[in-house]
Amino acid sequence: MSDGFSLDVDKARMLVLADVYKDLLGRFERSGSLYVESELHGLERALKIVGIDPEMLKGVDTSC
C-alpha cells in the first residue's frame with residue numbers, strides 16, 4: 001500500500017495550469033479584488049500540495 005500521492009502532468013496539462021495561473025495573476029494585478037486574490041491563493045496552495053512550484057509556472061511559455 002502506498003502512502004504517497006502522485007500526479008502525472010504532461011506538457012499539455014502543464015500549459016493549461018500555467019495559463020490559468022497567469023490569467024489569475026493578471027486579473028489580480030488589474031483589479032486587486034479580494035475574490036480573485038482568494039482564488040489565486042487557493043490555486044497556489046493546491047499546486048504546492050501536489051508538488052508544483054507556482055513560481056515555476058510564471059516562466060512557462062503559453063503562447064502556443
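Structure's up top.
Our subject in this report is the structure included herewith. (Residues numbered from 1 in each chain as written. Predicted model: local features only at pLDDT ≥ 70, side-chain atom pairs only at ≥ 80, totals over all residues. Heavy atoms only, no water.)

**Structural notes on the overall build of the protein chain**
- Looking only at helices and strands, the protein chain has three helices and zero strands in total.
- Reading the protein chain from its N terminus to its C terminus gives the helix and strand order α-α-α.
- Taken across its 64 residues, the protein chain has 20% of its residues classed as buried.
- By sequence separation, contacts in the protein chain at least 24 residues apart represent 60% of the contacts at least 6 residues apart. (Helix = DSSP H or I, 4+ residues; strand = E, 2+ residues; numbered from the N terminus. Buried < 20%, exposed > 50% of the residue type's maximum accessible area, 1.4 Å probe, protein only. Contact = heavy atoms within 4.5 Å.)

**Quick look at helix α1 (residues 11–31)**
- For α1, which comprises 21 residues, the first-to-last C-alpha distance of 30 Å matches the rise-based estimate of 30 Å (1.5 Å per residue) to within 8%.
- Of all the residues in α1, the buried ones are Ala-18, Tyr-21, Leu-24, Leu-25 and Gly-26.
- Two residues or fewer after α1 comes Gly-32, characterised by a positive phi angle close to 70 degrees. (Expected span 1.5 Å × (residues − 1).)

**Focus: the packing of α1 against helix α2 (residues 34–49)**
- The geometry of α1 relative to α2 is characterised by a closest axis approach of 9 Å and an angle of 150 degrees between their N-to-C directions. Accordingly, the angle class assigned to the pair α1 and α2 is roughly antiparallel. As for how α1 packs across α2, the hand of that crossing is left-handed. Contacts from Leu-17, Val-20, Tyr-21, Leu-24, Leu-25, Arg-27, Phe-28 and Ser-31 in α1 reach Val-36, Glu-37, Glu-39, Leu-40, Leu-43, Glu-44 and Leu-47 in α2.
- Partitioned by chemical class, the residues of the contact of α1 with α2 number ten nonpolar, one polar and four charged. (Axes fitted to C-alpha atoms, helices over the stretch in contact; angles between N-to-C directions. Parallel < 35°, antiparallel > 145°, perpendicular 65-115°, else oblique. Left-handed = near helix turned anticlockwise from the far one by under 90°. Nonpolar A, V, L, I, M, F, W, Y, C, P; charged D, E, K, R; others polar.)

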